[in-house]
Amino acid sequence: MVFYDRLWTKLEEKHISQYKLGKIGISHSTIMRLKNNQYVNLSTIDKLCKLLQCSIEDIIEYRE
């Protein structure tokens, strides 16, 4: 299963709010999906990596 705990840590480190996520085109429903560790498409992950200037491994963790 995919977990986005690292994403929330990274956002907090960089002082980026959920409001700012909306400004870069990430919808409220997508934010809720991220919070609930549900599927999001790769374009969303791409936007997050660009915003945070990081790699996928910095925001996503896979656990069985």
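Look up: the structure comes first, before these words.
Because the structure is predicted, anything quoted here is derived from the model rather than measured.

## What about the state of the cysteines?
Then, in step 1: Under the counting rule described, the total for this entry stands at zero disulfides.
Then, in step 2: For Cys 54, which is in no disulfide, the shortest distance to another cysteine sulfur is to Cys 49 and amounts to 4.5 Å.

## Structural notes on helix α4 (residues 42-52)
Then, in step 1: Along α4, the residues that are buried comprise Thr 44, Ile 45, Leu 48, Cys 49, Leu 51 and Leu 52. Summarising the axial view, the buried residues of α4 lie within an arc of 165°, below the 170-degree limit, and thus occupy one face. In α4, the exposed positions that point more than 90 degrees away from the buried face belong to Leu 42 and Lys 50.
Then, in step 2: A positive backbone phi angle near 50° is found at Gln 53, which sits one or two residues after α4.

## Digging into the environment of Ser 29
Then, in step 1: Within the secondary structure, Ser 29 sits in helix α3 (residues 28-35).
Then, in step 2: A distance of 3.1 Å separates the side chain of Ser 29 from the side chain of Ser 27, its partner in a polar contact.

## Some remarks on the side chain of Thr 44
Then, in step 1: With respect to the secondary-structure elements, Thr 44 resides in helix α4.
Then, in step 2: A relative accessible area of 9% means that Thr 44 is categorised as buried.
Then, in step 3: Residue contacts for Thr 44: discarding those within four places in its chain leaves Ile 26 and Thr 30.

## A word on the packing of aromatic side chains
Then, in step 1: Using the criterion set out here, one finds zero aromatic pairs in the structure.
Then, in step 2: Residue placement shows Lys 35 over the ring face of Trp 8; its charged tip is 5.9 Å from the ring centre.
Then, in step 3: One residue, Arg 63, lies across the ring of Phe 3, its end atom 3.9 Å from the ring centre.

Rules of the game
Residues numbered from 1 in each chain as written. Predicted model: local features only at pLDDT ≥ 70, side-chain atom pairs only at ≥ 80, totals over all residues. Heavy atoms only, no water. Disulfide = S-S within 2.5 Å. Buried < 20%, exposed > 50% of the residue type's maximum accessible area, 1.4 Å probe, protein only. Helix = DSSP H or I, 4+ residues; strand = E, 2+ residues; numbered from the N terminus. Arc of directions from axis to C-beta. Polar contact = N/O pair within 3.5 Å; in protein donor to acceptor, adjacent residues only side chain to side chain. Contact = heavy atoms within 4.5 Å. Phe/Tyr/Trp six-rings, centres within 6.5 Å; stacked < 30°, edge-to-face > 60°. Lys NZ or Arg CZ within 6 Å of the ring centre and 35° of its normal.

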